[in-house]
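Structural description and commentary
In case you want the letters, here they are:
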Amino acid sequence: MYRVTIAYNHPSDPAAFDEYFVNNHLPIVRAIPNLAKVTFGKCETLDGSAPEHYGIAVMYFESKEAAIGALTSKEGKAASADVANYSADDALISFSNEDHVWP
């Protein structure tokens, strides 16, 4: 698997972020071709302090080539352009393979 990880900074209005992300952004993301799976989780820390990021989204693809094709498609470009509609700060994006190491 190949994954694209997006770390979102803390929004000024978390409720508005959540509402837009779920109701507007995710339907755009789901239209991206070759997307095997997408996940999202809100960040937390073990000691209760403020986490570095608000949330982490991960898009999974079968290969790096599939990810490149998906992200450069019209649907991928639409999803990327939509981020500015709910996240005022730049999100940190990482690209990585996912190797199965255990169990």
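Scroll up to find the structure.
Residues numbered from 1 in each chain as written. Predicted model: local features only at pLDDT ≥ 70, side-chain atom pairs only at ≥ 80, totals over all residues. Heavy atoms only, no water.

**Re the packing of aromatic side chains**
- In this structure the tally under the stated criterion is 11 aromatic pairs.
- Aromatic pair Tyr8 and Phe17: ring centres 5.4 Å apart, planes at 75°, arrangement edge-to-face.
- For Tyr8, a relative accessible area of 3% gives the class buried.
- Owing to a relative accessible area of 2%, Phe17 belongs among the buried residues under this scheme.
- Put simply, the rings of Tyr8, Phe17, Tyr20, Phe21, Phe40, Tyr54 and Tyr86 pair up and form one aromatic cluster.
- Just above the ring of Tyr60 sits the side chain of Lys37; from NZ or CZ to the centre is 4.6 Å. (Phe/Tyr/Trp six-rings, centres within 6.5 Å; stacked < 30°, edge-to-face > 60°. Buried < 20%, exposed > 50% of the residue type's maximum accessible area, 1.4 Å probe, protein only. Lys NZ or Arg CZ within 6 Å of the ring centre and 35° of its normal.)

**Topic: the nonpolar core**
- Counting residues in hydrophobic clusters, the biggest one holds 19 residues, and the most contacted among them are Tyr8, Phe21, Ile32, Met59 and Phe61.
- Those elements that provide at least two residues to this core are strand E1 (2-8), helix H1 (14-30), strand E3 (55-61) and helix H2 (64-71).
- Here this core takes five residues from H1, the largest share from any one element.
- Setting aside chain neighbours within four positions, we find Ile32 in contact with Met59, Phe61, Ala70, Glu75, Gly76 and Ala79. (Core = buried A, V, L, I, M, F, W, Y, C linked by side-chain atoms within 4.5 Å. Helix = DSSP H or I, 4+ residues; strand = E, 2+ residues; numbered from the N terminus. Contact = heavy atoms within 4.5 Å.)

**Quick look at unusual backbone geometry**
- Of note, the bond from Trp102 into Pro103 is cis; its omega dihedral lies within 30 degrees of zero at -10°.
- With respect to the helices and strands, Pro103 occurs in the segment after strand E4 (92-97).
- Phi is positive for Asn34, close to 65°, though the residue is something other than glycine.
- Summarising the element assignment, Asn34 is placed in the loop between H1 and strand E2 (37-42).
- By relative accessible area, which is 51% here, Asn34 ends up exposed.

**Digging into the pattern of salt bridges**
- Applying the stated rule across the entire model yields two salt bridges.
- For Glu98, the salt bridge goes to Arg3, with nearest N and O atoms at 2.8 Å. Here Glu98, found in the segment after E4, pairs with Arg3, found in strand E1; they are 95 residues apart in sequence, far enough to count as distant.
- Note on Arg3: relative accessible area 25%, which makes it partly exposed.
- Here Lys42 makes a salt bridge to Asp18, at a shortest N to O gap of 2.7 Å. Taken together, the residues Lys42 in strand E2 and Asp18 in helix H1 connect sequence positions 24 residues apart. (Salt bridge = Lys/Arg side-chain N within 4 Å of Asp/Glu carboxyl O.)

Spatial relationships are all this shows, so hold off on functional conclusions.
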